Amino acid sequence: MMVLRRLLRKRWVLGVVFGLSLIYFLTSTLKQEERTIRDRTLLEVRDSDHRIPWKVRFNLGNSSRQITQCRNSIQGKTLLTDELGEKRNRYSPPCCDDNTTAPRYWSMLMFRCFYCLTGYVCERKDLLVNGCCNVNAPSTRQYICKSCLANGCCSIYEYCVSCCLQPDKQPLLERFLNRAAEGFQNLFTAVEDHFELCLAKCRTSSQSVQHENTYRNPQAKYCYGESPPELLPV
Amino acid sequence: QILYHCLFALILKHCPLSVFPEYIVAFTGYFSAKARSLYISSALRSASGGALEWHIVPRENPASDFPSDFELVHIRQASPSSLLTLEDHPYIKRVTPQRKVFRSLKYIPSPEPAAPCNATRGTQKWQSWQSSRPFRRTSLSLGSGFWHATGRHSSRRLLRAIPRHVAQILQADVLWQMGHTGSGVKVAVFDTGLSEKHPHFKNVKERTNWTNEKTLDDGLGHGTFVAGVIASMRECQGFAPDSELHIFRVFTNNQVSYTSWFLDAFNYAILKKIDVLNLSIGGPDFMDHPFVDKVWELTANRVIMVSAIGNDGPLYGTLNNPADQMDVIGVGGIDFEDNIARFSSRGMTTWELPGGYGRVKPDIVTYGSGVRGSGMKEGCRSLSGTSVASPVVAGAVTLLASTVLNRELVNPASMKQALIASARRLPGVNMFEQGHGKLDLIRAYQILNSYRPQASLSPSYIDLTECPYMWPYCSQPIYYGGMPTIVNVTILNGMGVTGRIVDKPIWQPYLPQNGDHIDVAVSYSPVLWPWAGYLAVSISVAKKAASWEGIAQGHVMVTVASPAENDVGGELTSTVKLPIKVKIVPTPPRSKRVLWDQYHNLRYPPGYFPRDNLRMKNDPLDWNGDHIHTNFRDMYQHLRSMGYFVEVLGAPITCFDASQYGTLLMVDSEEEYFPEEITKLRRDVDNGLSLIVFSDWYNTSVMRKVKFYDENTRQWWMPDTGGANVPALNDLISVWGMAFSDGLYEGDFTLADHDMYYASGCSIARFPEDGIVIAKNLKDQGLEVLKQETAVVEGVPILGLYQTPSDGGGRIALYGDSNCIDDSHRQKDCFWLLDALLQYTSYSMTPPSLSHSHSRVAPPTGAERPLPQRLEGNHLYRYSKVLEAHLGDPKPRPLPACPHLSWRPRWLNHLNYSSQRSYNVSDFLAMKCEAGFYLFLSNISHYIYAFQQVCRRSQYISLLCVHGCQHFHHFLSVRSLYKGRTWCPSRRATDFSDTLKQ
């Protein structure tokens, strides 16, 4: 004990302690600076062998986001794809057959269920105030793949998104995210969930064109699948 | 336009077919011109014993007086080994082949134009054919990598007081003092990047790179400058220092960018929910459907897009895409004395040609000349170009957006409405130069903060008598029997991304103001998406005013509806009034009426239609629309000043009444002809119509030679015609025993005491023996292009005059070159010749200067040389309105029906409207309540009556899409879901929205 106390009183020991603290202080500040830089340039090109940290969450049910509001595809002339179906009382009839694979989530607190959560296409006039489709409107459809070809390319953007939101497309999308998306890191690392992924995936992109200024296939150019649109001659 | 393309060079990798290679020799340091020359000669002497033929290409700019680190060397038959020896020299860093490149950051010298680079015509070589297809997106600042080197701005501009900060001139400090600094608004800058720790920026949210260069930094300074104008917080202050900056690097240091990069970057901007996007980059290719579609998608996702209108002024018809789109805010440039900058591109849009008429663009103008902004690493610098004007508006838009409490109200349409309604009109400048006028930030702030969702029109009124603002409409009164005057109005819809026009627009003539003397037909977008659509108004004089002179007035009422966001199934509606005022004169005599054939001129096509002057290598495409109000504007002005009335034929030759016109003018036609057109024209000429043809070159060997590899589309481009489509023209004129040759001639000469320049034209191969033919000695340019040999050909027939033999038959005049009446590359005009030819064709007066010219020769018989044939395998049918693909050769399509306008049924208003003040676009909303209330009181009974009348009428006849948007329907793939709804708008009688600007 005495030895230790004497040792601590030695000037060089104190110097070492001070020096170490200084080094720790400097490194930690520098590291912090480095971190801010990385934040700013978050999406710089990464090494190709670097695994991309996908953030996509396919299960919407346990997301903490408020689900009283729907997101929709905003841009359309007359059609919209709704992320969430209408809120329903548990006693109201379900909006789709029980034998579909659509996910069902129960919210115990609210005694409400959210059926058939995604993939509604409706006319703009049937949009509710909360941004959701009115599922009771006659023209509202769910998971509609109209105009979509076998290669996963559709001629109408909203139908592409709706089709892409089908639960059975999830493995396809996961495969795409892991392999094909290397050229699209900027975009798809920023995508947060299934809905955003489908909105982004269905848009025309560098994969949609030939000779830069011509569509590969002007008819079916919105693709949720892995392959680019079929190449048609100019 | 010609001036600045060649002011810098760029190195391209793909140059497989060099004819006369020039090389950029880069040195290890800065040396004087003498020293550089010494080094090169010593290096080359050792290369091949001095046998090499070379010289240094002089650079005649102020920078040449200063030490430089490169030299341009012209070497004949350079072998790889000699280049290697050149590189061995201790002071020579590297040798790269030189390519003149067009995708440039454009540089404009000071107000007095410097000697054009092509002033030394004789020494030009043909080496740049293989370079990149020029007309693609360019970065629209003036200046280049050589900004700092040239010092060209040192002429008059620097003697003035130090330029003030543009944000302060536009009174941004007023808004700053109110606490608005752009916070919470996401701005995307699509440009050349931004370096990481630039001291001017405090809120760079992220930087992304979409190019093939692995850097995020700005190597040119262009992107930094643009970002600085928007958001710099110190020194040269930007508009919105607290805005969230998102830097998108889409343009490389080599000034390359591809559509595909843009597509991906735009997708990311949509995902990131960008509010304002600045694009100081543009190109003329509005036929790039993937790009145009993507811009629509972007604005449909509520991104306010601001873009530079282009630096191709003062030529008209030079608007750049995407600034020319209805949903984008297109910005032109002015200087600090409120003059339109010379470089700023002028309207009209050429999308709508030939059947329709162009839209008014730019939308607004603002300072773009000598503006100060952030330097690449630090400090400030000043720069010019519409590249600069665009971020001024983008910065202002960002600042404005941050002042609005309810951000829901801010969308691409409402922002554009506020900007154009508040803009200050510049005196003495027409709408194709200034759009709605000069940006006024404070007034825009006032309007935006009292904004309620509504529709508005651009232009908001049609006054064909208002000069010079309504040029060209004000330059020629209308008369009975003339081609309908089309005004292409843009409908902006701030109520929602999609909308529709309810029922049909109503034409309401003012009886006391002679409104019944005109007929009005309207066609419009079936769906207004995104945020905008067109309303094409065709105006004709009624038969009863055939010999009447005076002013007629009335208005068109349009009601726009959009689905309401917060009311299921509900709609927002907005009614706008378009006042119309025209001047009518009695129908002029036939001899004074000239018809311009627009139908056979191709507007900017996605194919390769080479320029008419082969010397103009920096501008190989013919892209200005060839319209009397674009690149034939000077010719039009001249004809008007000579008292001719010029009308435009936007339909086949079968669609006009030839007995009305003295002369049909066909200039530089690229299109083919329907067989019916050929027969009809022959009949018309027999009956007294005269014909003037200005042809251009067509030589298949030269066409093969001028193919080039396009860096942008990554494919070879082979021309689909020559300067004009001579084989097709020959089909048209062969009935009179006339034909043009495939010769290609060039040179200066004198004709009737006028200096003339023949720039890449053809000759007359065959002409009737009783005709007058003028021949001149010219250089064989074909030989020069193909074999680099110079030869003078004696007695080339270039001009022919012929009186057809039938009784009362018309006259025909042919000339082999159109460059002397075209504004694009004109060196010497020949309007006097056009006058002389019109004297001949319209009044049968043979100019003695031509008929007794000593250059008159015997008409050629065309026996010695075969006539030109169409280039085998050309793809003209892809762009042609006449041809369609067929097994074997393309065949003509069936002749389309002539346009038929359905005139709006009239409802006559007996109220005197003479109390109307001049409609000025001054107060958008300020006067709204007052004027609306007044009109409500005075007119409500009449409006209700009007609506009832309209509702009672049966269906209007089908609409004809005179507006060119029909061409785009196929990719709009619009299907209106609003068919068949009946709506009687009488309940809306009180709903006067914006344009009550009386």
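Since we're looking at a predicted model, the values are computed, not measured.

About the criteria used
- Residues numbered from 1 in each chain as written.
- Chains lettered and ligands numbered in written order.
- Predicted model: local features only at pLDDT ≥ 70, side-chain atom pairs only at ≥ 80, totals over all residues.
- Heavy atoms only, no water.
- Helix = DSSP H or I, 4+ residues; strand = E, 2+ residues; numbered from the N terminus.
- Buried < 20%, exposed > 50% of the residue type's maximum accessible area, 1.4 Å probe, protein only.
- Contact = heavy atoms within 4.5 Å.
- Areas by Shrake-Rupley, 256 points an atom, 1.4 Å probe, with all protein chains shown as cover.
- Salt bridge = Lys/Arg side-chain N within 4 Å of Asp/Glu carboxyl O.
- Disulfide = S-S within 2.5 Å.
- Phe/Tyr/Trp six-rings, centres within 6.5 Å; stacked < 30°, edge-to-face > 60°.
- Lys NZ or Arg CZ within 6 Å of the ring centre and 35° of its normal.
- Buried area = accessible area lost by both parts, 1.4 Å probe.
- Polar contact = N/O pair within 3.5 Å; in protein donor to acceptor, adjacent residues only side chain to side chain.
- Nonpolar A, V, L, I, M, F, W, Y, C, P; charged D, E, K, R; others polar.
- Pairing = 2+ DSSP bridges.
- Axes fitted to C-alpha atoms, helices over the stretch in contact; angles between N-to-C directions.
- Patch = residues over 30% accessible without salt bridge, like charges linked within 9 Å, V, L, I, M, F, W, Y side chains within 5 Å.
- Parallel < 35°, antiparallel > 145°, perpendicular 65-115°, else oblique.
- UniProt positions renumbered as here; feature names shortened; annotations may be inferred.

Caption draft 1: Region of the structure containing the overall build of chain A. Secondary structure assignment for chain A yields 6 helices and 10 strands. The burial tally for chain A puts 46% of its 234 residues in the buried class. Within chain A, contacts between residues at least 6 apart in sequence are counted, and of these 57% link residues at least 24 apart. Total accessible area on chain A is roughly 13100 Å²; 57% of this is exposed by carbon and sulfur atoms.

Caption draft 2: How the structure looks around the pattern of salt bridges. Across all of its chains, the model carries 34 salt bridges over all chains by this definition. Residue R207(B) pairs with D217(B) through a salt bridge whose shortest N-O separation is 3.0 Å. Linking R207(B) in strand β9 (residues 204–209) with D217(B) in the loop between β9 and α7 (222–231), this pair joins segments that are 10 residues apart in sequence. By relative accessible area, R207(B) is classed as buried at 3%. For D217(B), a relative accessible area of 33% translates into the label partly exposed. In this structure, D742(B) engages R865(B) in a salt bridge whose closest nitrogen and oxygen atoms are separated by 2.8 Å. A residue pair is termed long-range when its members are at least 10 positions apart, and D742(B) in the loop between β33 (739–740) and β34 (745–751) and R865(B) in the loop between β40 (856–857) and α21 (876–879) qualify at 123 residues. Take D742(B): its relative accessible area is 19%, and that puts it in the buried class. Here the salt bridges share partners, and the residues they tie into one network are R71(A), D193(A) and E196(A).

Caption draft 3: Quick peek at the state of the cysteines. Residues and elements named next belong to chain B. Scanning the model with the defined rule gives 9 disulfides over all chains in all. Disulfide pairing is shown between C236 and C380; the S-S distance is 2.0 Å. The sign of the S-S torsion, about -95°, decides the handedness of the disulfide formed by C236 and C380: left-handed. A residue pair is termed long-range when its members are at least 10 positions apart, and C236 in the loop between α7 and β10 (244–249) and C380 in strand β17 (residues 380–383) qualify at 144 residues. This cysteine, C762, is not joined by any disulfide, and C820 carries the nearest cysteine sulfur, 12 Å off.

Caption draft 4: Expanded view of the packing of aromatic side chains. For the structure shown, the criterion picks out 24 aromatic pairs over all chains. Relative to F188(A), the ring of F176(A) has its centre 5.2 Å away and its plane inclined at 85°; by these criteria the two rings are edge-to-face. Here the residue F176(A) occupies a position in helix α4 (residues 170–178), and F188(A) occupies one in helix α5 (residues 185–189), the gap between them amounting to 12 residues. Like F188(A), F176(A) is buried. For the pair W596(B) and F632(B), a centre-to-centre distance of 5.0 Å together with 50° between the ring planes defines the contact as tilted. With W596(B) in strand β27 (residues 593–597) and F632(B) in the loop between β27 and α14 (633–641), this pair connects stretches of sequence that are 36 residues apart. Taken individually, W596(B) and F632(B) each receive the classification buried, so the pair is uniform in this respect. Ring-pair connections join several aromatic residues into one group, and the members of that group are F190(B), W210(B), F248(B), F262(B), F266(B), Y268(B) and F291(B). Cation over ring: R593(B) sits above Y661(B), and NZ or CZ is 4.6 Å from the ring centre.

Caption draft 5: Examining the interface of chain B and chain A more closely. The interface is formed by 52 residues belonging to chain B together with 38 residues belonging to chain A. Approximately 4000 Å² of surface area, both sides summed, lies buried where chain B meets chain A, with 56% of it carried by carbon and sulfur atoms. Where chain B packs against chain A, one counts 1 salt bridge. We note a salt bridge from R203(A) to E297(B), for which the minimum N-O separation is 2.7 Å. Linking chain B with chain A are 10 residue pairs in polar contact (both at pLDDT 80 or more). The set of elements that each furnish at least two residues to the side of chain B that touches chain A consists of β9, α8 (259–271) and α9 (289–300) of chain B. Of all the elements, α8(B) adds the most residues to the side of chain B that touches chain A, at 8 residues. Of the residues contributing to the side of chain B that touches chain A, the split by class is 19 nonpolar, 14 polar and 19 charged.

Caption draft 6: Structural view of the sheet that holds strand β11 (residues 276–279) of chain B. Residue and element names in this part refer to chain B. Here 7 strands make up an open sheet; going across it, the order is β9-β10-β8-β11-β13-β14-β15 and the pairing parallel. Among the strands making up the open sheet, the edge pair consists of β9 and β15 (364–367). Averaged over all neighbouring strand pairs, the angle between strand axes comes to 25°, with direction disregarded. Sheet analysis places strand β14 (residues 329–334) next to β15, joined by 4 bridges and oriented parallel. Of the residues in β15, the one forming a bridge with G332 is V365. Contacting β13 (304–308), β14 and β15, helix α11 (residues 412–422) runs over the sheet at an angle of about 30° to β14.

Caption draft 7: View of the environment of A658(B). Residue and element names in this part refer to chain B. Note that A658 resides in the loop between β28 (645–649) and β29 (663–667). Spatially, the C-alpha atoms of A658 and L689 are 6.2 Å apart, while their sequence positions differ by 31 residues. If we skip the residues at most four places from it in the chain, A658 touches R590, K680, D684 and L689.

Caption draft 8: Quick peek at a nonpolar patch on the surface. Residue and element names in this part refer to chain A. A cluster of nonpolar side chains, contributed by L4, L7, W12, V16, L20 and I23, occupies part of the molecular surface with about 620 Å² of accessible area. Broken down by secondary-structure element, the contributors of at least two residues to the nonpolar patch are α1 (2–9) and α2 (11–40). When residues of the nonpolar patch are assigned to their parent elements, the largest contribution, 4 residues, is made by α2. Structurally, V16 is set in helix α2. Under the relative-accessibility criterion, V16 is labelled partly exposed at 43%.

Caption draft 9: Spatial organisation of the packing of α4(A) against helix α6 (residues 194–201) of chain A. All names here are of chain A. At a minimum axis distance of 12 Å, the contact between α4 and α6 shows a crossing angle of 70°. Here α4 is positioned roughly perpendicular relative to α6, judged by the angle of their axes. Contacts between α4 and α6 pair L173, F176 and L177 from the former with H194, L197, C198 and K201 from the latter. Of the residues that constitute the contact of α4 with α6, the class distribution is 5 nonpolar, 1 polar and 1 charged.

Caption draft 10: View of the sheet that holds strand β18 (residues 455–458) of chain B. Residues and elements named next belong to chain B. Sheet architecture is open: 4 strands sit in the order β18-β20-β24-β23, paired in antiparallel fashion. Both edges of this open sheet fall to β18 and β23 (518–524), since each of them pairs with a single strand only. Across the sheet, the axes of successive neighbouring strands diverge by a mean angle of 25°, strand direction being ignored. Two elements, β18 and strand β20 (residues 485–493), share 4 bridges in a ladder whose sense is antiparallel. In the sheet register, L457 faces β20, and the bridge partner there is I491. Across the sheet, α11 lies against β18 and β20, angled at about 120° from β20, the strand it touches most.

Caption draft 11: Inspection of the UniProt feature "active site" (unreviewed entry) in chain B at higher detail. All names here are of chain B. The positions UniProt marks with the feature "active site" (unreviewed entry) are D191, H222 and S387. On the basis of their most widely separated C-alpha atoms, the annotated residues across 197 residues gather in one place, lying no more than 10.1 Å apart. Position of D191 relative to the elements: it lies in strand β8 (residues 186–191). Residues contacting D191, with those up to four places away along its chain left out, are H222, G223, V226, F248, R249, V250, F251, S280 and I281. Engagement of the side chain of D191 in a polar contact is seen with the backbone nitrogen of G223, the distance being 3.4 Å. By the secondary structure assignment, S387 is in helix α10 (residues 386–403). For S387, the side chain forms a polar contact with the side chain of H222, separated by 2.8 Å.

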